[in-house]
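Listed below are the residues making up each chain.
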Amino acid sequence: MMKSGTNTSFGSLKQIDAGVLNVGYAEAGPANGRPVILLHGWPYDIHSYVDVAPLLASAGYRVIVPYLRGYGTTRFLSSETPRNGQQSALAVDIIALMDVLKIEKAVIAGYDWGARTANIIAALWPERCKALVSVSGYLIGSLKANKMPLPPQAELQWWYQFYFATERGKLGYEQYRHDFNKLIWRLASPKWNFDDATFDRSATSFNNPDHVDIVIHNYRWRLGLAEGESKYDEFEKRLATFPMITVPTITLESDANGAPHPDPSSYAKKFSGKYSHCTIKGGIGHNLPQEAPQEFAKAVVEVNGY
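All figures in this text were calculated on a predicted structure; none of them were measured in a lab.

Trainee: Honestly, the overall build of the protein chain in this entry has me stumped. Any pointers?
Mentor: When helices and strands are counted, the protein chain shows 12 helices and nine strands. In terms of overall dimensions, the protein chain is globule-like: its C-alpha atoms have a radius of gyration of 18 Å, near the 19 Å expected for 306 residues. Projected onto its principal axes, the C-alpha coordinates of the protein chain cover approximately 45 × 40 × 40 Å. Out of the 306 residues in the protein chain, the part that is buried amounts to 56%. Here the protein chain has roughly 12,900 Å² of accessible surface; of this, 55% comes from carbon and sulfur atoms. In the protein chain, which carries 31 positive and 30 negative side-chain charges, the distance between the mean positions of the two groups comes to 4 Å.

Trainee: Mind showing me how you'd approach unusual backbone geometry here?
Mentor: Across residues other than glycine, the phi torsion is negative in most instances, and most of the peptide bonds are trans. Geometrically, the link from tryptophan 42 to proline 43 is a cis peptide bond, its omega value of -5° lying close to zero. Looking at the secondary structure, you find proline 43 in the loop between strand S3 (34-39) and helix H1 (52-58). Although it is not a glycine, aspartate 112 adopts a positive phi angle of roughly 55°. Inspection of the secondary structure puts aspartate 112 in the loop between strand S6 (106-110) and helix H3 (113-124). Although it is not a glycine, serine 136 sits at a positive phi angle of roughly 70°. Counting through the fold element by element, serine 136 comes out in the loop between strand S7 (129-135) and helix H4 (143-146).

Trainee: Just checking my understanding: could you explain the pairing of strand S2 (residues 21-28) for this structure?
Mentor: Strand residues, when the strand is regular, have side chains that alternate between the two faces of the sheet. In terms of burial, S2 is largely enclosed, as six of its eight residues are buried. By the bridge criterion, five bridges tie strand S1 (residues 14-18) to S2 in an arrangement that is antiparallel. Opposite isoleucine 16, over in S2, you have valine 23 as the bridge partner. A loop of two residues connects S1 with S2, the two strands running antiparallel in sequence, and glycine 19 in this loop sits at a positive phi of about 60°. Relative to strand S5 (residues 75-76), S2 runs antiparallel, the two sharing two bridges. Bridge pairing in S5 places leucine 21 opposite phenylalanine 76. One ladder, built from four bridges, connects S2 with strand S4 (residues 61-66); its direction is antiparallel. Bridging across to S4, tyrosine 25 finds its partner in proline 66.

Trainee: I would appreciate a short explanation of the environment of aspartate 195 in the present structure.
Mentor: Tracing the backbone shows aspartate 195 in the loop between helix H7 (167-188) and helix H8 (196-203). Linking aspartate 195 and glycine 5, residues 190 residues apart in sequence, is a C-alpha distance of 9.8 Å. Among the polar contacts made by the side chain of aspartate 195, one reaches the side chain of threonine 198 at a distance of 2.6 Å.

Trainee: I keep staring at the nonpolar core and nothing clicks. Help me out?
Mentor: Across soluble globular proteins, nonpolar side chains show a tendency to be buried alongside one another. Residues Leu38, Trp42, Leu56, Trp113, Phe164, Leu252 and Phe296 are the most contacted members of the largest nonpolar core, which totals 93 residues. Those residues in contact with leucine 56, other than ones at most four positions away along the chain, are Val36, Leu38, Tyr61, Val63, Ala297, Val300 and Val301.

Trainee: What am I meant to see in the packing of helix H2 (residues 87-100) against H3 here?
Mentor: Describing two packed helices takes the angle between their axes plus the distance from one axis to the other. The N-to-C vectors of H2 and H3 enclose an angle of 70°; their axes lie 9 Å apart at closest approach. Taken together, the axes of H2 and H3 are roughly perpendicular relative to one another. When H2 is examined against H3, the residues Gln87, Ser88, Leu90, Ala91, Ile94 and Ile95 are found in contact with a partner set consisting of Trp113, Arg116, Thr117, Ile120 and Ile121. For the contact of H2 with H3, the class distribution of residues is seven nonpolar, three polar and one charged.

Trainee: I would appreciate a short explanation of H3 in the present structure.
Mentor: Structurally, the α-helix is built with 3.6 residues per turn, so residues lying three or four positions apart point the same way. Between its first and last C-alpha, H3 extends 16 Å over 12 residues, near the 16 Å set by a 1.5 Å rise per residue. Across the 12 residues of H3, 12 count as buried, placing the element largely inside the fold. Three or more residues of H3 are buried, namely Trp113, Gly114, Ala115, Arg116, Thr117, Ala118, Asn119, Ile120, Ile121, Ala122, Ala123 and Leu124.

Trainee: Just to check I follow, could you spell out the pattern of salt bridges for this structure?
Mentor: Note on pairing: side chains with opposite charge can pair once their charged atoms come close. According to the stated counting rule, one finds 10 salt bridges in the structure shown. The closest approach of N and O atoms between glutamate 27 and lysine 14, which form a salt bridge, is 3.1 Å. Of this pair, glutamate 27 sits in strand S2 while lysine 14 sits in strand S1, placing them 13 residues apart in sequence. Here glutamate 27 falls in the partly exposed class, since its relative accessible area comes to 22%. For lysine 14, a relative accessible area of 39% gives the class partly exposed. For glutamate 234, the salt bridge is made with lysine 237, and the minimal N-O distance between the two is 3.7 Å. Highlighted residues: glutamate 234 and lysine 237, both in helix H10 (residues 233-239), separated by three residues, approximately one helical turn. Under the relative-accessibility criterion, glutamate 234 is labelled partly exposed at 48%. Lysine 237 sits in the exposed class, given a relative accessible area of 54%. Residues joined in a network through salt bridges with shared partners are Lys14, Glu27 and Arg62.

Parameters and conventions
- The written sequence of each chain sets the order in which its residues are numbered from 1.
- In keeping with the predicted nature of the model, local features appear solely for residues at pLDDT of at least 70, side-chain atom pairs appear and are counted solely at 80 or more, and the whole-chain, interface and lining totals rest on all residues.
- The side-chain figures draw on all heavy atoms in the structure; neither hydrogens nor water molecules are used.
- The helix count covers DSSP runs of H or I at least four residues long, the strand count covers runs of E at least two residues long, and both are numbered beginning at the N terminus.
- Each radius of gyration reported is based on C-alpha atoms, and the globular scaling rule is 2.2 Å times the count of residues to the power 0.38.
- Relative accessible area decides the class of each residue, using a 1.4 Å probe on protein chains only: under 20% of the type maximum gives buried, over 50% gives exposed, and in between gives partly exposed.
- All accessible-area figures derive from a Shrake-Rupley calculation using a 1.4 Å probe, and residue coverage is judged against the displayed protein chains alone.
- Positive residues here are Lys and Arg, negative ones are Asp and Glu, while His and the chain termini are left out of the count.
- Taken as the charge centre is NZ of Lys, CZ of Arg, CG of Asp or CD of Glu, depending on the residue.
- What makes two strands pair is DSSP finding at least two bridges between them.
- Here a polar contact means two N or O atoms within 3.5 Å. Within protein one must be a hydrogen donor candidate and the other an acceptor candidate, and residues neighboring in sequence count only if both atoms are side-chain atoms.
- Think of a nonpolar core as a cluster: buried Ala, Val, Leu, Ile, Met, Phe, Trp, Tyr and Cys residues, connected wherever their side-chain atoms sit within 4.5 Å.
- Working rule for contacts: check all heavy atoms of both residues, and any pair within 4.5 Å makes them a contact.
- Here an axis means a line fitted to C-alpha atoms, over the contact stretch when the element is a helix, while the angle between two N-to-C directions is reported on a 0 to 180 degree scale.
- Angles are sorted into four bins: roughly parallel if under 35 degrees, roughly antiparallel if over 145, roughly perpendicular if 65 to 115, and oblique for all others.
- Each residue is assigned to one of three groups, with Ala, Val, Leu, Ile, Met, Phe, Trp, Tyr, Cys and Pro labelled nonpolar, Asp, Glu, Lys and Arg labelled charged, and all others, Gly among them, labelled polar.
- Each helix should span, by expectation, one fewer than its residue count multiplied by 1.5 Å.
- For this document, the term salt bridge refers to a Lys or Arg side-chain nitrogen within 4 Å of an Asp or Glu carboxyl oxygen.

Okay, structure coming up:
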């Protein structure tokens with residue numbers, strides 16, 4: 001039984017040029033194993049999968065855990081490239097990484113930004129996605145839908161999105177990113193008693209020179225306060241129709257997720273392939289793979305067999 005916190009490190013990371021990025025990533029398991037790509041969220045990093053990766057590696061999977069743009073050792077190849085956090089840009093990054101690693105098709109799994117990215121790949125490039133594990137289900141957004149106000153209690157949960165919409169918020173995140181993100185960890189996983197060492201291990205990834213720009217752009221773009229790049233317009237147009245996801249999927253939710261998340265009943269019909277949902281019990285919060293690695297790895301293995 002792999003408990004949260006069993007492993008503290010991936011060992012040495014790899015770096016590879018892919019698309020507009022030089023991507024830092026961890027790799028585990030046999031080079032000829034069945035590929036699985038594990039995608040982290042904000043404000044987290046690849047250490048969300050530090051216990052999941054060895055479980056999957058020992059089951060024969062080739063596990064790839066990349067730092068998203070703006071995190072860890074991932075860097076832009078050009079200073080001219082816009083520091084863009086819009087949803088389709090992150091998905092295109094992962095397709096580029098798969099291309100350069102010669103991964104035709106993979107199980108793609110994630111939570112938070114990582115789940116949204118996995119959703120987008122499954123929706124727009126189903127031929128590249130063997131199966132999907134998505135925490136909090138269907139997270140594809142549209143600028144039009146994001147304009148609609150939510151009930152006050154729901155808006156309150158998005159407080160940081162409004163903070164980031166201001167210049168004060170950008171400066172505050174720049175100055176206090178360590179404390180800010182630790183606060184988000186506590187709010188998003190109210191029952192997870194992580195120690196300072198666990199947080200600090202991930203916090204080094206926020207020192208990336210593009211981190212603040214990517215995070216601020218991501219949330220401002222969602223509210224229509226920042227432009228995306230025109231090269232992604234066609235993808236966003238398709239995503240705005242909330243496309244069905246046809247690949248085999250397991251959605252997961254945790255019983256103590258303190259972050260904004262949809263009710264599972266609201267998204268079950270968005271998955272038209274073989275589908276199941278599981279709620280993980282035991283005070284598990286938003287960072288599900290790090291808090292419940294055994295259950296997350298089990299979902300990956302299970303969906304691969306669908």
